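This is what each chain is made of:
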Amino acid sequence: MSSSPTPSGPTPGSVAAHARGSYDLVLKGGTVVLPDATVQTDVYVRDGLIAAIGGQADAGRTVDCTGLTILPGVIDTQVHFREPGAEANEDLETGSRAAVLGGVTGVFEMPNTRPPTSTPEAVAHKLSRAKHRMWCDHAFYVGATVDNADECGELEKLPGTAGIKVFMGSSTGNLLISEDDMLERVLRSGMRRVAIHAEDETRLKERTDYRVEGDPSSHPVWRDDETALRATTRALHLARKTGRRVHILHITTPAELELISAHRDIASCELTPQHLTLAGEEAYPRLGTLAQMNPPIRSGAHRDGLWHWVGQGMPDIIGSDHAPHALSAKEKPYPASPSGMPGVQTLLPLMLDHVANNRLTLRRLVDMTSAGPQRLFGLVRKGRIAVGYDADFSIVDLKSRWTMEQSWMASRCGWSPFAGQTVTGRPVGTIIRGNQVMWEGTLADKALGEPLRFDATDRPQAAR
């Protein structure tokens, strides 16, 4: 692992303390990815906000970023941190710790917990659990159910919520909206963009015999292209019918991206690093059930097709779909093994490696991990390096070639499909609202994550 500059002054977590100048913090000498340019300059922070870009001024603390690149804080809009109900696999503390170690400053956490996050009380319970325990900023999705379908418009207004999440196909947990009439009711209740796991439940049930016991490579045969395309087609039809915007998660087939391209006024979409990195022909023989997720890892031709559409500017967001399970469960013979893999900590390193290999530009990556989440979901003061925005930064060494050893991984599940993989591009520091929560693998003294704010749920502070 190549060496990187270390910050001068106090230890992590004390960025804003005892400022002796006009600013609390200055990031000095880094290459900064601004909305309109990438320049070498200094960034000044006051009271948790970006206060100035460039110029010369005093600051209470200086972080030397010479040779490093300063990105807007990376936001992972799809993680499953398993709390409450499955804390043996992950919890809000361990999952968010993995996030900040990987350079992620904010997450949207999914509702398929036990009990599911489908009521105001469940949202409040998660927010209370997160307080003083989550390392990164956070929001929680509310899961659509048969019981709350007509109440989603009120549920999506709850502070600290990322919106409504729909599972069209059965996955981990007990949330399922498989019928069109019920999905239409959800889409007619509310105004915010609805996130959808698009796999057709009827086709999944029809094809269960395609699963071959002990052979995880049969997973994408069972959950085939048509299973995904049929559900995405249904979701787009109902979005058009109801005039509601939808966000199709973890796309795995080029055909879906081609279809969505004709509906950009109502539909956005997400890709995962896993589907852009792994190919079934290699992954299933090497990883077995560790490569099993929903929707599945498909062929190299599928992966290349996804990259084609990245080049066409189609995908809006990169999300990890971090979905850990205990290794003992994953090692059960297929199909008894659960679907899902950890990914929040490896999202940024994997995508930086693709940048290094000229698969995409750094600015395109920033758009899909910072500006895109802000634009689609209406995040307040997030997503760009600009004066007045939160001082959230993912600081990386683009030239560092290193190996993601399992010892670096913080997820409680204790494994990663990418453990041992060598990549170019390394998260060096994570700063959230001016607080340095990670530097060179060392965490701050305490977790300082706060609920994310959204235009749809945020009431601006009145003048005093």
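Up top is the structure.
The paragraphs below set out a description of the structure included in this document. (Residues numbered from 1 in each chain as written. Predicted model: local features only at pLDDT ≥ 70, side-chain atom pairs only at ≥ 80, totals over all residues. Heavy atoms only, no water.)

1. Topic: the overall build of the chain
And then number 1: Helix and strand counts for the chain stand at 14 helices and 17 strands.
And then number 2: The C-alpha radius of gyration of the chain comes to 21 Å, within 12% of the 23 Å expected for a compact globule of 464 residues.
And then number 3: Dimensions of the chain, computed from C-alpha atoms along their principal axes, come out at roughly 65 × 50 × 40 Å.
And then number 4: Here the chain, with 464 residues, has 62% of them falling under the buried criterion.
And then number 5: Across the chain, every contact between residues at least 6 apart in sequence was considered, and the portion connecting residues at least 24 apart equals 75%.
And then number 6: Only carbon and sulfur atoms are counted for the fraction: they give 49% of the accessible area of the chain, which is about 17200 Å². (Helix = DSSP H or I, 4+ residues; strand = E, 2+ residues; numbered from the N terminus. Rg over C-alpha atoms; globule rule 2.2 N^0.38 Å. Buried < 20%, exposed > 50% of the residue type's maximum accessible area, 1.4 Å probe, protein only. Contact = heavy atoms within 4.5 Å. Areas by Shrake-Rupley, 256 points an atom, 1.4 Å probe, with all protein chains shown as cover.)

2. Let's talk about the packing of aromatic side chains
And then number 1: Overall, the coordinates contain 5 aromatic pairs when judged by the stated rule.
And then number 2: A centroid spacing of 6.1 Å and a plane angle of 75 degrees characterise the contact between Phe 108 and Tyr 141, whose relative ring orientation is edge-to-face. One end of the pair, Phe 108, is in strand β7 (residues 104-109); the other, Tyr 141, is in strand β8 (residues 137-143), with 33 residues separating them in the sequence. Pair check on accessibility: Phe 108 and Tyr 141 agree, each one buried.
And then number 3: Ring plane angle 85 degrees and centroid distance 5.3 Å describe the contact between Phe 108 and Phe 377, whose orientation is recorded as edge-to-face. Taken together, the positions of Phe 108 in strand β7 and Phe 377 in helix α14 (residues 362-377) put the pair 269 residues apart, joining distant regions of the chain. Judged on exposure class, the residue Phe 108 and its partner Phe 377 are both buried.
And then number 4: Feature note: the residues Phe 108, Tyr 141, Phe 377 and Phe 454 constitute an aromatic cluster, connected by ring pairs.
And then number 5: Stacked on the ring of Phe 454, the Lys or Arg Arg 192 has its end atom at 4.8 Å from the ring centre.
And then number 6: One Lys or Arg, Arg 211, reaches over the ring of Trp 222 and ends 4.7 Å from the middle of that ring. (Phe/Tyr/Trp six-rings, centres within 6.5 Å; stacked < 30°, edge-to-face > 60°. Lys NZ or Arg CZ within 6 Å of the ring centre and 35° of its normal.)

3. Some remarks on the sheet that holds strand β13 (residues 317-318)
And then number 1: With respect to topology, 8 strands assemble into an open sheet ordered β6-β7-β8-β9-β10-β11-β12-β13, the strand pairing being parallel. Of all strands in the sheet, those bounded by a partner on one side alone are β6 (74-79) and β13.
And then number 2: When strand β9 (residues 161-167) meets strand β10 (residues 194-197), the two strands line up parallel, connected through 3 bridges. Pairing of Lys 165 across the sheet is with Ala 195, part of β10. (Pairing = 2+ DSSP bridges.)

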